[in-house]
Amino acid sequence: MAAGRALLSSQNGLAAVAPLSSIGYRARGLASSLPLLRRRCPSAFASSSARCCSRPHSEGAGERVMKPEKDEAFVLTTPLYYVNAPPHMGSAYTTIAADAIARFQRLLGKKVVFITGTDEHGEKIAAAAEASGRSPREHCDTISQSYRILWRELDIAYDKFIRTTDSKHEAIVKEFYSRVLNNGDIYRADYEGLYCVNCEEYKDEKELLENNCCPMHLKPCVRRKEDNYFFALSKYQKTLEDYLTSNPDFVKPLFRLNEVQGWIKSGLRDFSISRSSVEWGIPVPNDDKQTIYVWFDALLGYVSALLEEGEQTNLEQAVCSGWPASLHLIGKDILRFHAVYWPAMLLSAGLSVPNMVFGHGFLTKDGMKMGKSLGNTLEPKDLVQRFGADAVRYFFLREVEFGNDGDYSEDRFINIVNAHLANTIGNLLNRTLGLLKKNCQSMLAFDSIIAAEGNSFKDSVDQLVEKAKYHYENLSLSSACESVLDIANAGNLYMDERAPWSLFKQGGASSEMAAKDLVIILEVMRIIATALSPITPSLCSRIYSQLGFSKEQFEAATWDDTKWGGLKAGQIMAEPKPVFARIENIDDGNEVVQNKNKDKKKASHRQGLVEA
Ligand code: MSP
């Protein structure tokens with residue numbers, strides 16, 4: 001952001017600047033509160049709202065803090081996606097990761113508020129609407145809906161979908177703007193600089209490539225001169241610096257924290273928060289010749305989304321419904337907005353800073369960020385149609401280490417999904433159920449606790465479950481998948497070593513041992529289905545059903561169900577049926593056929609049953 005603070009031209013009714021020491025923080029979870037700054041209830045909030053309560057601050061006797069009613073809620077957000085074009089795999093990636101984290105938190109018994117939505121104002125959207133020959137409103141309705149449809153196809157269980165064109169959101173943005181204004185942090189000035197419409201951001205000339213091209217979008221930035229309102233970000237330099245020092249968990253992964261600290265150290269400059277040239281936006285309060293800058297509008301979606309239907313539409317109410325967010329999941333390109341601008345804006349308005357911002361990497365194609373503006377995208381709809389939601393979710397979460405970039409390759413996709421889901425997990429279940437049907441009439445002969453008595457195999461499974469939990473908690477989703485897969489690998493090894501099919505043939509005590517072994521493996525399958533359910537929910541639901549559980553039992557499962565002991569003697573298993581169809585690429589290894597016969601390129605599915 002290249003805006004300087006020069007050229008102050010008018011003050012537009014500024015109130016006295018509040019001393020920074022009176023601005024409130026509240027840190028929850030991993031982040032601790034900044035010792036220098038004590039939380040203060042903004043006076044408007046301190047009034048006795050029916051839904052907010054006050055309690056003594058743990059650090060300072062007698063201090064009162066705003067405590068959202070839903071104290072235990074885990075509020076997590078995806079970015080609100082631009083509706084310049086329908087979603088691509090890059091945008092789906094954040095949402096899949098957020099859904100996995102939300103599902104894991106629900107398993108832990110947390111009340112989760114998972115927020116996603118669409119960012120619908122600004123120049124880029126207005127231009128896309130015009131190009132499509134639709135009014136901005138029609139255009140936004142259509143594209144926003146395409147996000148919802150894709151989320152359904154990908155098994156995304158969000159709780160809130162906010163559109164920045166919602167009237168309740170507009171009211172929240174205006175109230176927020178007025179608070180910041182009253183805090184003395186908005187002023188009017190002229191600005192001239194180079195603007196990237198795709199980033200919706202003024203750029204520093206030194207960041208740009210030849211011909212003033214944006215390094216992200218490879219398109220030339222345009223020179224703009226405007227009379228705008230500015231947010232006094234520079235005032236928050238020291239406060240943010242101190243905050244990050246005291247709350248190093250605020251930005252994850254660690255290397256992104258270093259990046260953010262570097263930006264702040266190099267000097268924060270005020271940025272313009274209105275546009276005189278853009279009509280498609282929320283009008284600036286008291287100046288309808290300007291609209292609010294799309295970022296100063298969209299970030300507030302995280303707050304306005306919290307409002308329940310029928311509630312009063314104001315900041316106080318939204319805050320009481322769950323602010324601050326526990327986790328903002330974002331891509332690395334929008335880290336500065338979330339880890340620098342947003343906390344400063346919140347502090348200015350007297351609101352708490354979110355607990356954590358996690359900046360993941362990019363899905364790339366040929367090393368370039370996959371994106372709508374570059375047109376090098378991968379269609380998530382096609383992937384889901386061809387391979388199913390579980391395969392898509394599993395591949396991207398397992399293959400791309402969360403936080404780093406990852407390149408897509410179809411061969412790798414098919415290999416990984418077949419090896420892990422169809423073979424290691426699916427076939428283990430299938431061959432065990434086949435043996436159980438043949439030898440025990442599909443009924444468990446022992447409780448799983450009894451079957452595993454004195455067997456150290458159970459302890460290795462317990463350890464891997466703990467590992468998976470640790471990784472989920474640390475948002476290491478790929479490692480969490482790996483730990484669960486290790487359980488299945490251990491199960492396969494156990495099965496091969498014990499060879500229950502031979503033991504059954506020996507009869508007597510050997511048969512009894514074999515029956516116990518099958519219970520042990522099926523117990524392992526139950527544990528895998530619980531532990532992997534955040535990543536591949538449909539697959540895990542099918543495993544539950546094969547194990548003789550109802551859909552309701554699957555939906556009621558919690559992380560406690562990863563403990564050994566869920567399967568009981570007498571439980572009847574379902575008819576063995578493959579839970580994951582192996583993907584077979586009919587054109588495997590035949591480039592020529594692939595090129596000639598594009599429509600034949602579709603991978604076919606076949607049943608992945610392998611007999612023990
Ligand atoms: N509208 C803003 C966000 C406002 S949040 C208050 C925006 N929208 S976006 O549609 O351009 O991008 C949304 C998210 O998708 C960002 O986190 C971005 O990093 C992510 N991705 C877009 N392309 C991506 C990849 N190729 N790979 C991974 N994520 C990428 O920015």
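Thresholds applied
- Residues numbered from 1 in each chain as written.
- Predicted model: local features only at pLDDT ≥ 70, side-chain atom pairs only at ≥ 80, totals over all residues.
- Heavy atoms only, no water.
- UniProt positions renumbered as here; feature names shortened; annotations may be inferred.
- Helix = DSSP H or I, 4+ residues; strand = E, 2+ residues; numbered from the N terminus.
- Buried < 20%, exposed > 50% of the residue type's maximum accessible area, 1.4 Å probe, protein only.
- Contact = heavy atoms within 4.5 Å.
- Areas by Shrake-Rupley, 256 points an atom, 1.4 Å probe, with all protein chains shown as cover.
- 1 Å grid on protein atoms, 1.4 Å probe; cavity = no way out; pocket = protein on both sides within 12 Å on 5 of 7 lines; lining within 4 Å.
- Points joined across faces, edges and corners; volume = space filled by probe spheres on them.
- Nonpolar A, V, L, I, M, F, W, Y, C, P; charged D, E, K, R; others polar.
- Phe/Tyr/Trp six-rings, centres within 6.5 Å; stacked < 30°, edge-to-face > 60°.
- Lys NZ or Arg CZ within 6 Å of the ring centre and 35° of its normal.
- Patch = residues over 30% accessible without salt bridge, like charges linked within 9 Å, V, L, I, M, F, W, Y side chains within 5 Å.
- Salt bridge = Lys/Arg side-chain N within 4 Å of Asp/Glu carboxyl O.
- Pairing = 2+ DSSP bridges.
- Right-handed = clockwise from strand over helix to strand, strands pointing away.

Taking an unreviewed UniProt entry as the reference, the protein chain is identified by name as methionine--tRNA ligase belonging to Musa acuminata subsp. malaccensis. Listed under Sequence similarities (unreviewed entry) in UniProt, the entry text for the protein chain is "Belongs to the class-I aminoacyl-tRNA synthetase family." UniProt, in its Catalytic activity (unreviewed entry) section for the protein chain, records the words "tRNA(Met) + L-methionine + ATP = L-methionyl-tRNA(Met) + AMP + diphosphate".

Novice: For this particular structure, what's the right way to read the overall build of the protein chain?
Specialist: Along its length, the protein chain carries 22 helices and 21 strands. Counting the 612 residues in the protein chain, one finds 58% classified as buried. Across the protein chain, contacts joining residues at least 24 apart in sequence account for 76% of those joining residues at least 6 apart. Entry remark: accessible area of the protein chain is about 24,500 Å², with carbon and sulfur atoms responsible for 49%.

Novice: Can you help me understand empty space enclosed by the protein in this one?
Specialist: By rolling a water-sized probe across the atoms, one finds the places where empty space is left. One pass over the structure, following the stated rule, counts three cavities of 30 Å³ or more. Here the largest cavity defines a volume of roughly 50 Å³. Lining the largest cavity are His-121, Gly-122, Glu-123, Glu-200, Arg-275, Val-278, Trp-280, Thr-291, Ile-292, Tyr-293 and Val-294. Its residues placed into classes, the lining of the largest cavity shows five nonpolar, three polar and three charged.

Novice: Would you mind showing me how to read the layout of surface pockets here?
Specialist: As a volume, the largest pocket reaches approximately 1,000 Å³. Listed by contribution, the elements that provide at least two residues to the lining of the largest pocket are strand S4 (74-82), helix H2 (89-107), strand S8 (201-203), helix H7 (254-265), helix H8 (294-298) and helix H11 (335-348). Grouping the amino acids of the lining of the largest pocket by side-chain chemistry returns 22 nonpolar, 13 polar and twelve charged.

Novice: How should the packing of aromatic side chains be read in this particular structure?
Specialist: Each aromatic ring pair is characterised by the separation of its centres together with the angle its planes make. Following the criterion strictly, the structure yields 35 aromatic pairs and no others. Ring geometry for Tyr-191 and Tyr-202: centres 4.8 Å apart, planes at 75°, overall edge-to-face. Within this pair, whereas Tyr-191 is found in strand S7 (residues 186-196), its partner Tyr-202 is found in strand S8, the two being separated by eleven residues in sequence. Comparing Tyr-191 with Tyr-202, the two get one shared label, buried. Seen in terms of ring centroids, Tyr-544 and Phe-554 are 5.1 Å apart; in terms of plane orientation they differ by 70°. Their pairing is edge-to-face. Highlighted residues: Tyr-544 in helix H20 (residues 537-546) and Phe-554 in helix H21 (residues 551-555), separated in sequence by ten residues. Like Phe-554, Tyr-544 is buried. Here Arg-336 stacks its cationic end above the ring of Trp-263, 4.5 Å away from the centre of that ring.

Novice: How should a nonpolar patch on the surface be read in this particular structure?
Specialist: A cluster of nonpolar side chains, Leu-209, Leu-218 and Met-368, forms an exposed patch at the surface whose accessible area comes to about 250 Å². Turning to its location among the elements, Leu-218 is positioned in the loop between S8 and strand S9 (222-231). We classify Leu-218 as partly exposed; its relative accessible area is 43%.

Novice: What is the right way to read the sheet that holds strand S19 (residues 406-407) from this model?
Specialist: Sheet strands associate in pairs through backbone hydrogen bonding, adopting either a parallel or an antiparallel arrangement. The strand order S18-S17-S19 describes an open sheet built from three strands, whose pairing is mixed. Looking along the sheet, the strands with just one partner apiece sit at the ends: strand S18 (368-369) and S19. Where strand S17 (residues 363-365) meets S18, two bridges bridge the pair, whose relative direction is antiparallel. By the bridge assignment for S18, Thr-364 is matched with Lys-369.

Novice: For this particular structure, what's the right way to read the pairing of strand S16 (residues 357-360)?
Specialist: The side chains of a regular strand alternate, first on one face of the sheet and then on the other. Residues Val-357 and Gly-359 point to one face of S16 and Phe-358 and His-360 to the other, with burial holding for every one of them. Of the strand pairs in this sheet, strand S10 (residues 251-252) and S16 are connected by two bridges, and their pairing is parallel. If you follow Lys-252 over to S16, its bridge partner there is Phe-358. As defined by bridge partners, strand S15 (residues 327-331) adjoins S16 across four bridges and the pair is classed as parallel. For Leu-329, the partnering residue across the bridge sits in S16 and is Phe-358. Crossover handedness for the path S15 to H11 to S16: right-handed.

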